[in-house]
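Summary of structural features
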Amino acid sequence: MHLTRNLELLDRLAAAYALGTLRGGARRRFEQLARDHAQVRAAALLWQGRWSAFSEVQTPVQPDAAVWTRIANLVQADQQQAQWRAQRSAAAAAPQVGKLGQALSWWRGLALAGSLATVVAVSVGLWTHHGLQQSTQQQLSALRTELQTTQAALQAAPQIQYVAVLADGKADASMLVTFDPRHNQLVLQRVSGFREAESKSLQLWALPPQGAPRSLGVVGEGRVAQLAVQETDVKAVPTLAISLEPKGGVPSATGPTGPVLFTGALIRRDL
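This write-up is about the structure you can find in this document.

It is worth spelling out the nonpolar core at this point. The biggest cluster of nonpolar side chains holds 22 residues, and the ones touching the most others in it are Leu166, Leu186, Leu188, Leu204 and Leu240. When contributions to this core are tallied by element, the ones reaching two or more residues are β1 (162–167), β2 (173–180), β3 (185–190), β4 (200–207), β5 (214–219), β6 (224–228) and β7 (239–246). Setting aside chain neighbours within four positions, we find Leu188 in contact with Met175, Leu176, Val177, Leu204, Val219, Arg223, Val224, Ala225, Leu227 and Ile242. Core analysis: the second largest hydrophobic core is formed by 13 residues, Leu10, Tyr17, Ala43 and Ala44 among them.

Put into structure tokens, the structure is as follows:
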């Protein structure tokens, strides 16, 4: 099965790869496909951006003090039981002649200590029960607030419908391009170390099946640039290109005047 022809499977694998749950041979095969196919690279980069954006809306939650008290009690109980087992083993290995009274005293002491430990554990449990109830209510309230915040953030997140990976002549990815029809916005993210000279600008072009190239705007110098376009500007465009132009770009009617540095297919993705 060709992965680039099964968009649903590609999307699931890219999500697992970006999250880190795709491991072993499957992860290595996915990385090899990403090196060979721009569409696979685009899916992986897209999900990496999604997961990183999702983590920013998470708020840290501190455990209640009663939780740490309970953990400490359990650890102390385990240590006490281990000490008792060691003492019992030592007593069993010692000579038994003439020491029946000592053994009886030791077992009585052990039984008394066990009873005291039980009373202490029950007391601590009753003492912390009320605190745990209050802590649980507070944590549930915090989780509800976090869920509402996350839902609002996801609703405000861009709806990615078109994606392209623009590469140079050596097929090295240089620019990730996504289009959000909800906000009529093209987002260009630099994924290589290329930087144009101060006297030059990068200009994005739509290459339609017929007719001359159309300028979609001049790319800013930052790592991420945004261009306002309509969906009709990219809907029937199979390829995007970036050329190196004089500072500020050139008019759309003239077409690219400098060298075309990066090109790539624009892929529609209903995610």
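Mapped onto the fold, Phe30 is located in helix α2 (residues 24–36). We classify Phe30 as buried; its relative accessible area is 3%. A C-alpha to C-alpha distance of 8.3 Å links Phe30 and Ala14, two positions 16 residues apart in sequence. Contacts of Phe30, omitting those with residues within four sequence positions, involve Leu3, Leu10, Leu13, Ala14, Tyr17, Leu22, Val40 and Ala44.

The pairing of β4 with β7 spans eight bridges and is antiparallel. Within β7, the position partnered with Leu204 by the bridge is Ile242. In the sheet, β7 pairs with strand β8 (residues 260–265) via five bridges, with the strands oriented antiparallel. Each residue of the ladder has a partner; that of Ile242, found in β8, is Phe262.

This part is about the pattern of salt bridges. One pass over the structure, following the stated rule, counts four salt bridges. Residue Glu31 is joined to Arg27 by a salt bridge in which the shortest nitrogen-to-oxygen separation is 3.8 Å. Of the two residues, Glu31 and Arg27 are both situated in helix α2; the distance of four residues between them amounts to about one turn of the helix. For Arg27, a relative accessible area of 24% translates into the label partly exposed. Glu221 serves as the salt-bridge partner of Lys247, at 2.5 Å between the closest nitrogen and oxygen. Of the two residues, Lys247 sits in the loop between β7 and β8 while Glu221 sits in the loop between β5 and β6, which places them 26 residues apart along the sequence.

The next thing to look at is helix α1 (residues 7–19). The end-to-end C-alpha distance of α1, which contains 13 residues, comes to 18 Å, matching closely the 18 Å that a straight helix rising 1.5 Å per residue would cover. When we look at burial in α1, the residues that qualify are Leu10, Asp11, Ala14, Ala15, Ala16 and Tyr17. Remark: Gly20 follows α1 within two positions and exhibits a positive phi of approximately 100°.

The rules behind the values
Residues numbered from 1 in each chain as written. Predicted model: local features only at pLDDT ≥ 70, side-chain atom pairs only at ≥ 80, totals over all residues. Heavy atoms only, no water. Core = buried A, V, L, I, M, F, W, Y, C linked by side-chain atoms within 4.5 Å. Buried < 20%, exposed > 50% of the residue type's maximum accessible area, 1.4 Å probe, protein only. Helix = DSSP H or I, 4+ residues; strand = E, 2+ residues; numbered from the N terminus. Contact = heavy atoms within 4.5 Å. Pairing = 2+ DSSP bridges. Salt bridge = Lys/Arg side-chain N within 4 Å of Asp/Glu carboxyl O. Expected span 1.5 Å × (residues − 1).

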